[in-house]
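Spelled out from the first residue to the last, the chains are:
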Amino acid sequence: MAARGQDVARTQVTDQSPPAARQYEQSEASITINDSRVQQHPSFTLLHTTAYLTLFSILGTLSRLGLSALTTYPSSPLGGVVWANFAGSLIMGLLADSPTLLSTALLPRAQLPLYLGLTTGYCGSLTSFSSFILAAFEQLAHPPGGGRGRGHNALGVLGYVLATLCLSLGGLQLGAHLATVLGGAAPKLGYRAHAALNWGAVPLAAGMWGGAAALAAAGPRSWRGEATLACVFAPFGVYARFWVSRWANPVLPRFPLGTWGVNVGGTAVLAAVTVGRGVDGGLVGCELLRGVGDGFCGCLTTVSTFVLELRGLRLRQAYVYGAASVAAAGAVMVLILGSWTWTRGGEARC
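Residues numbered from 1 in each chain as written. Predicted model: local features only at pLDDT ≥ 70, side-chain atom pairs only at ≥ 80, totals over all residues. Heavy atoms only, no water.

### Examining the packing of aromatic side chains
Part 1: Tallied over the full model, the rule gives 15 aromatic pairs.
Part 2: Ring centres of F255 and Y321 lie 5.2 Å apart, and the angle between their planes is 80°; on these two criteria the pair is classed as edge-to-face. With F255 in the loop between helix 9 (221-248) and helix 10 (257-277) and Y321 in helix 13 (residues 315-344), this residue pair connects regions lying 66 residues apart in the sequence. Both residues of the pair, F255 and Y321, belong to the buried class.
Part 3: Ring centres 5.5 Å apart and planes at 55° place the aromatic pair F306 and Y321 in the tilted group. Of this pair, F306 sits in helix 12 (residues 304-312) while Y321 is found in helix 13, placing the two residues 15 residues apart along the sequence. Y321 shares its class with F306; the two are buried. (Phe/Tyr/Trp six-rings, centres within 6.5 Å; stacked < 30°, edge-to-face > 60°. Helix = DSSP H or I, 4+ residues; strand = E, 2+ residues; numbered from the N terminus. Buried < 20%, exposed > 50% of the residue type's maximum accessible area, 1.4 Å probe, protein only.)

As structure tokens, then:
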């Protein structure tokens, strides 16, 4: 009787958790299939998940670079990665809050490689936490237009951080509203359709990654620093984020340690890469460093998962997690890049 009472109590606590928190618990960590009706070996599931992560990390990187270029122009009020973070968060909200979208009767959505590819792969790579922190630092070190006082620079940083977070959280909520509007009209896929897409993704991902590497090696030089090298390094970033989150996020349910670690660590790598771009190391070295920053660091860090986790946590936990993420990443950026910028007076040469 006591054991039964404890089971009931645990069930009540689980049922009282907010929907986003339950979605977070079923996040990118789960890739094991236990349904006996589905003859899918776990190694095949891992293969398909890896293929989708590869494919969508490249597509997400290209989307981020394209949106950033499109929204960056003279006197732009909010340019750069802000709108990529908004768009990725909107898509994440749509996917997370539409229970029938891409669903199948045999498997939970969180176990579907396609769903993991779209959320962890595409949304996570379209958004970039490290690029957001770098852009905030630029408001302090190299403000647009120049000539501002230190106090105005601090207000510029605060305004940029608040605008990014508010737009990203707003995009997530807008995506959730779109999911509500769609309701049961969201497309569903049967198991056979999922299986066909899964096996088709394997050669497609290999072809896209190989094509990016070929273009980086023998394609137009102007593409190398702009996009192709970023596409080559992008899958490594999303693989690292996926596995670190899978292992570390369950450690502290009230503080997603994995996402916090990759966001802060990726910001540190981007700061070091930016310092390297300020040292005259030749065109090829500069292009490689830019590819690492835009590709690896851009996909290692994420805003879409970050804001989804914020929504899933309790109020106080969300504020602690959000403040700790922005403060730690900002401190790392100032320590690494700021110490070089303000002592050497340098900035990226390429």
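### Examining the nonpolar core
Part 1: F129, F132, M333 and L337 are the most contacted members of the largest nonpolar core, which has 49 residues in total.
Part 2: Setting aside its immediate chain neighbours within four residues, F132 contacts V81, N85, Y160, V161, T164 and L165.
Part 3: L53, V238, F242 and C299 belong to the second-largest nonpolar core, a separate cluster that totals seven residues. (Core = buried A, V, L, I, M, F, W, Y, C linked by side-chain atoms within 4.5 Å. Contact = heavy atoms within 4.5 Å.)

### A look at the pattern of salt bridges
Part 1: Taken as a whole and judged by the stated rule, the model has four salt bridges.
Part 2: As a salt-bridge pair, D97 and R311 come within 2.7 Å of each other at their nearest N and O atoms. With D97 in the loop between helix 4 (82-96) and helix 5 (113-126) and R311 in helix 12, this pair connects stretches of sequence that are 214 residues apart.
Part 3: Linked through salt bridges whose partners overlap, the residues forming this network are E226, R290 and D294. (Salt bridge = Lys/Arg side-chain N within 4 Å of Asp/Glu carboxyl O.)

### Things to note about the confidence of the model for the protein
Part 1: Summary statistics for the protein give a mean pLDDT of 84 and a share of 81% for residues scoring 70 or more.
Part 2: Of all secondary-structure elements in the protein, the lowest mean pLDDT belongs to helix 1 (residues 2-15), at 42, while helix 12 reaches the highest, 96.
Part 3: Note that residues 1-39 has pLDDT below 50 and, in this model, 52 contacts with residues that lie over four places away or in other chains. (pLDDT = per-residue confidence, 0-100.)

### Here we look at the side chain of T228
Part 1: Looking at where T228 falls in the secondary structure, it is placed in helix 9.
Part 2: Residues in contact with T228, not counting those within four places in the same chain, are A212, L215, A216 and W223.

### A word on a nonpolar patch on the surface
Part 1: Judged by side-chain polarity, F44, L47 and W199 come together as a nonpolar surface patch covering roughly 280 Å² of accessible area.
Part 2: Residue position: W199 is located in helix 8 (residues 191-218). (Patch = residues over 30% accessible without salt bridge, like charges linked within 9 Å, V, L, I, M, F, W, Y side chains within 5 Å. Areas by Shrake-Rupley, 256 points an atom, 1.4 Å probe, with all protein chains shown as cover.)

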